[in-house]
There are 2 protein chains.
Amino acid sequence: MVQIPEVNSNIFYFPQGHAEHAYQPVHFPADFNIPSQIPCRVAAIHYRVDPHTDEVYAKLRLVPLHVSQVRFDDDTVGGIDNMSETKYQSYTKTLTQSNANNGGGFSCPRKCAETLFPPLDYSDMLPTQDIFPMDVHGETWRFRHAYRGMPKRHLLTTGWSDFVTDKLLVSGDSLVFVRDEHSDLHVGIRRSKKRNDCIFNFSSKRKLGPSYNRLTSSFGELRISDKVMGIGKVKAEDVLEAVRLVVNMQPFDVVYYPRVGTPEFFVKPSLIRKALQIRWWCGMRFKMAMETEDSSRTHWFVGEIASVEAVDPACPDSVWRLLRVTWDEAVVTNMKMLNPWEVEIV
Amino acid sequence: MVQIPEVNSNIFYFPQGHAEHAYQPVHFPADFNIPSQIPCRVAAIHYRVDPHTDEVYAKLRLVPLHVSQVRFDDDTVGGIDNMSETKYQSYTKTLTQSNANNGGGFSCPRKCAETLFPPLDYSDMLPTQDIFPMDVHGETWRFRHAYRGMPKRHLLTTGWSDFVTDKLLVSGDSLVFVRDEHSDLHVGIRRSKKRNDCIFNFSSKRKLGPSYNRLTSSFGELRISDKVMGIGKVKAEDVLEAVRLVVNMQPFDVVYYPRVGTPEFFVKPSLIRKALQIRWWCGMRFKMAMETEDSSRTHWFVGEIASVEAVDPACPDSVWRLLRVTWDEAVVTNMKMLNPWEVEIV
DNA sequence: ACATCTTGTCGGCCTTTCCGACAATGCGT
DNA sequence: ACGCATTGTCGGAAAGGCCGACAAGATGT
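This is a predicted model, so every value here is computed, not measured.

Draft legend 1. Layout of the overall build of chain A. Helix and strand content of chain A: 9 helices and 17 strands. Among the 346 residues that make up chain A, the fraction classed as buried is 47%. Taking the contacts inside chain A whose residues are at least 6 apart along the sequence as the reference set, 64% of them involve residues at least 24 apart. For chain A, the accessible area works out to roughly 17600 Å², and carbon and sulfur atoms hold 53% of it.

Draft legend 2. How the structure looks around the sheet that holds strand E2 (residues 38-49) of chain B. Residue and element names in this part refer to chain B. One open sheet accounts for 5 strands, arranged E11-E3-E2-E1-E12; its pairing is antiparallel. The open sheet terminates on both sides in strands that have one partner only, identified here as strand E11 (252-256) and strand E12 (266-267). Two elements, strand E3 (residues 56-64) and E11, share 5 bridges in a ladder whose sense is antiparallel. Among the inter-strand pairings, leucine 62 is bridged to a residue of E11, identified as phenylalanine 252. The strands touched by helix H8 (residues 236-247) are strand E1 (10-13), E2, E3 and E11; relative to E11, the strand with the most contacts, the crossing angle is about 145 degrees. Strands E1 and E12 of the sheet are contacted by helix H9 (residues 269-277), whose axis makes an angle of about 60 degrees with E1.

Draft legend 3. Local environment of the protein's contact with DNA strand D. If you check the shell around DNA strand D, you find 23 residues, and the closest are A:Lys93, A:Ser98, A:Ser107, B:Arg148 and B:Met150. A share of 64% of the atoms of DNA strand D within 4 Å of the protein falls on sugar and phosphate groups. Here a phosphate oxygen of DNA strand D sits 2.8 Å away from a polar atom, N or O, in the side chain of B:Arg148. The separation between a base nitrogen of DNA strand D and a polar main-chain atom of B:Met150 is 3.4 Å.

Draft legend 4. Region of interest: the environment of B:Gly104. Mapped onto the secondary structure, B:Gly104 falls in the loop between helix H2 (97-100) and strand E5 (106-108). In contact with B:Gly104, other than residues within four places in its own chain, are B:Trp160 and B:Ser161.

Draft legend 5. Quick look at a nonpolar patch on the surface. On the surface, A:Tyr47, A:Val56 and A:Val136 cluster together into a nonpolar patch covering about 240 Å² of accessible area. Note that A:Val136 resides in the loop between strand E6 (128-131) and strand E7 (143-148).

Draft legend 6. A look at the pattern of salt bridges. One pass over the structure, following the stated rule, counts 18 salt bridges over all chains. A salt bridge links A:Arg142 to A:Asp130, with the shortest nitrogen-to-oxygen separation between them at 2.8 Å. In this pair, A:Arg142 sits in the loop between E6 and E7 while A:Asp130 sits in strand E6, placing the two residues 12 residues apart along the sequence. Here B:Arg321 and B:Glu20 are joined by a salt bridge, their closest N and O atoms 2.7 Å apart. Placement of B:Arg321 in the loop between strand E14 (298-308) and strand E15 (323-327) and of B:Glu20 in the loop between helix H1 (15-19) and E2 is noted, with a sequence separation of 301 residues between them. By relative accessible area, which is 13% here, B:Arg321 ends up buried.

Draft legend 7. Just the pairing of strand E7 (residues 143-148) of chain B, in detail. Judged from the 4 bridges that link them, strand E6 (residues 128-131) of chain B and E7(B) form a sheet pairing that is antiparallel. If you follow B:Gln129 over to E7(B), its bridge partner there is B:His145.

Draft legend 8. The arrangement of the protein's contact with DNA strand C in detail. In the vicinity of DNA strand C lie 24 residues, with A:Met150, A:Thr158, B:Lys93, B:Ser98 and B:Ser107 positioned nearest. Take the atoms of DNA strand C that sit within 4 Å of the protein: sugar and phosphate atoms are 63% of them. A distance of 2.9 Å separates a phosphate oxygen of DNA strand C from a polar side-chain atom of A:Arg148. Here a phosphate oxygen of DNA strand C sits 2.4 Å away from a polar atom, N or O, in the side chain of B:Ser107.

Draft legend 9. A look at the environment of A:Glu181. One can find A:Glu181 in the loop between strand E9 (174-179) and strand E10 (185-190). C-alpha separation for the pair A:Glu181 and A:Gln89, spaced 92 residues apart in sequence, amounts to 8.9 Å.

Draft legend 10. Just the packing of aromatic side chains, in detail. On inspection of all chains with the given rule, the structure shows 34 aromatic pairs over all chains. Aromatic pair B:Phe117 and B:Phe177: ring centres 5.1 Å apart, planes at 85 degrees, arrangement edge-to-face. Placement of B:Phe117 in the loop between helix H3 (110-116) and E6 and of B:Phe177 in strand E9 (residues 174-179) is noted, with a sequence separation of 60 residues between them. For the pair formed by B:Phe117 and B:Phe177, the shared burial category is buried. Aromatic pair B:Phe143 and B:Phe163: ring centres 5.3 Å apart, planes at 90 degrees, arrangement edge-to-face. A residue pair is termed long-range when its members are at least 10 positions apart, and B:Phe143 in strand E7 and B:Phe163 in helix H4 (residues 160-167) qualify at 20 residues. Across the pair, exposure class does not vary: B:Phe143 and B:Phe163 are buried alike. Here a set of aromatic residues connected by ring pairs shows up, and it is made of A:Tyr13, A:Phe252, A:Tyr256, A:Phe265 and A:Phe266. Positioned above the aromatic ring of A:Phe106, the side-chain terminus of A:Lys93 is 4.5 Å from the ring centre.

Definitions and limits used
Residues numbered from 1 in each chain as written. Chains lettered and ligands numbered in written order. Predicted model: local features only at pLDDT ≥ 70, side-chain atom pairs only at ≥ 80, totals over all residues. Heavy atoms only, no water. Helix = DSSP H or I, 4+ residues; strand = E, 2+ residues; numbered from the N terminus. Buried < 20%, exposed > 50% of the residue type's maximum accessible area, 1.4 Å probe, protein only. Contact = heavy atoms within 4.5 Å. Areas by Shrake-Rupley, 256 points an atom, 1.4 Å probe, with all protein chains shown as cover. Pairing = 2+ DSSP bridges. Axes fitted to C-alpha atoms, helices over the stretch in contact; angles between N-to-C directions. Near = heavy atom within 4 Å. Polar contact = N/O pair within 3.5 Å; in protein donor to acceptor, adjacent residues only side chain to side chain. Patch = residues over 30% accessible without salt bridge, like charges linked within 9 Å, V, L, I, M, F, W, Y side chains within 5 Å. Salt bridge = Lys/Arg side-chain N within 4 Å of Asp/Glu carboxyl O. Phe/Tyr/Trp six-rings, centres within 6.5 Å; stacked < 30°, edge-to-face > 60°. Lys NZ or Arg CZ within 6 Å of the ring centre and 35° of its normal.

Put into structure tokens, the structure is as follows:
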């Protein structure tokens, strides 16, 4: 679900989108005269780990470009081509209730098992093996990987429960398996939006996993910081600083925590171009893939464009959340303003 | 069971005893003219950890003394007195079958619990608490400590099984709790003689504890080295080098792995003196505390002195294993030659 | 030798985890 | 719209772990 651009590719940076990732209201000074979207080159990407929650976030160095430098049909620039596409293989799955309910194991999607895990001996009637992925702290875990049941499916059993308990995973959180350039297997997690919004209720009952010291020793700090970070993960001043630099055509850094329901504030030119080629109008019908209440599954929701207007009167030219929509299913209460590139016309 | 002398105390060093701790036969050159026992001052003690097996061993620096320098009724020397007695509090217990049989918990001796663990709230009908001892690798473990049952006893329950599995403990291995100078609780282990003598049969089934990488990654190496070390843990050449230095009155280092059934090769002067004051003779009856087959309990065995003679004709003056004995219970097959200070007259 | 204290072992019971059956979902045609 | 492939959920079964009863062993008198 997460789209991190590649190094040296071009993106459009949306200050308004960036502001939505702050945990404080961001008040842009009136005299800033902010462009609604600024083309930038991605100069560098660093992946970091939040030591408290194990969450992975990205730190992007963006270099502002002149509009003339950007071709909307080509997302890359510079001498390095898209060969870096052949980098890591990874698979992300959102945990179901059964996965997290300590009931037992993790039903592993076939694609995940077949592309990332060592091949099983299918000549065996009940093929099993142990996989040893490493988490972001360098801790190695053991999961028993079996292919069984009727119909046959891939499962992670022994060891999974310990992982869930140690990482305090609940249904809705996501699991990421990655095979790196040395073809070593890694495992990461991403907490669901809900979890991000609430204070951790930490109560590990098992053997101290690697997270014990970390989580408890900084418990007080964690409570406070998480309480404050109700909406996003970055400071308002960091957003303002980024905007200050971008309007002066200075390179700047942004931190991006992937968050379900909060769109990325950097978007590929080709995506925007394709979206803006459409003449959006009231009454147009669209669909959008969204995760269910507990993020355990994705579902296509259908709706109708209610109006097409800039969200912020101060930025009348901005296409950020240009579309005001209504949904066929009343369930979708929030999410009334969408980016054109988030939806698909039906 | 293990008696490590204190720094600055005096001991007698027995080359023959040292040789028994080698895994190879030690052939003392005839021209060495080895004294059977050399008084030494313990200049330094360093405790080390075998990274493969978690075993703790001691490295002692010994400085040879002239006999005139040693008073047999006083084990210490130098300005530092026995105040260092008030150093660490510790308790060692050999694991019973019930302790290791994964059946559940660890029945904790009263003395251990009351002297080393934080005090329980005995006003509570079922007092429980969690203790967090640290192992030699700096890993913290959690054990649930309860005082319950009829009659009441101290037990370690939750967390214990994981520890047993991770450390590959079996009945006969020993557990050591230590409270250090910062009153922090530590936990160590000592493998039984049997385990030391055989190749590890490693087959961890649970989550990878901290030992996993260590034990598996060096599996091959471990097999080999353990196979060779059938009897002791040190090289024959190390023993020879120690003896070479000691006869020249040079300071030397010895490594001591505590081993059930293999007596220490450094002994307090007072102990030797007391033992040699007795006129040992055939037919004298004695008792000796020894551990049972699986080291789960200690039992007093009774026997009779069969003869009093030097084990090695080349060292006719040596008191090392001076006593040839017979046992009342036929069970005690090995252990036919004992040191006078190991037994107690009845 | 006896009384008392301590602690090893056992079987019962409860919890956790493993497993295939079945069905709901999703995708391709 | 239908069929097939995939995978979420459920309840039974097996394993693991917690518990007090009991008694064997240890200790002190």
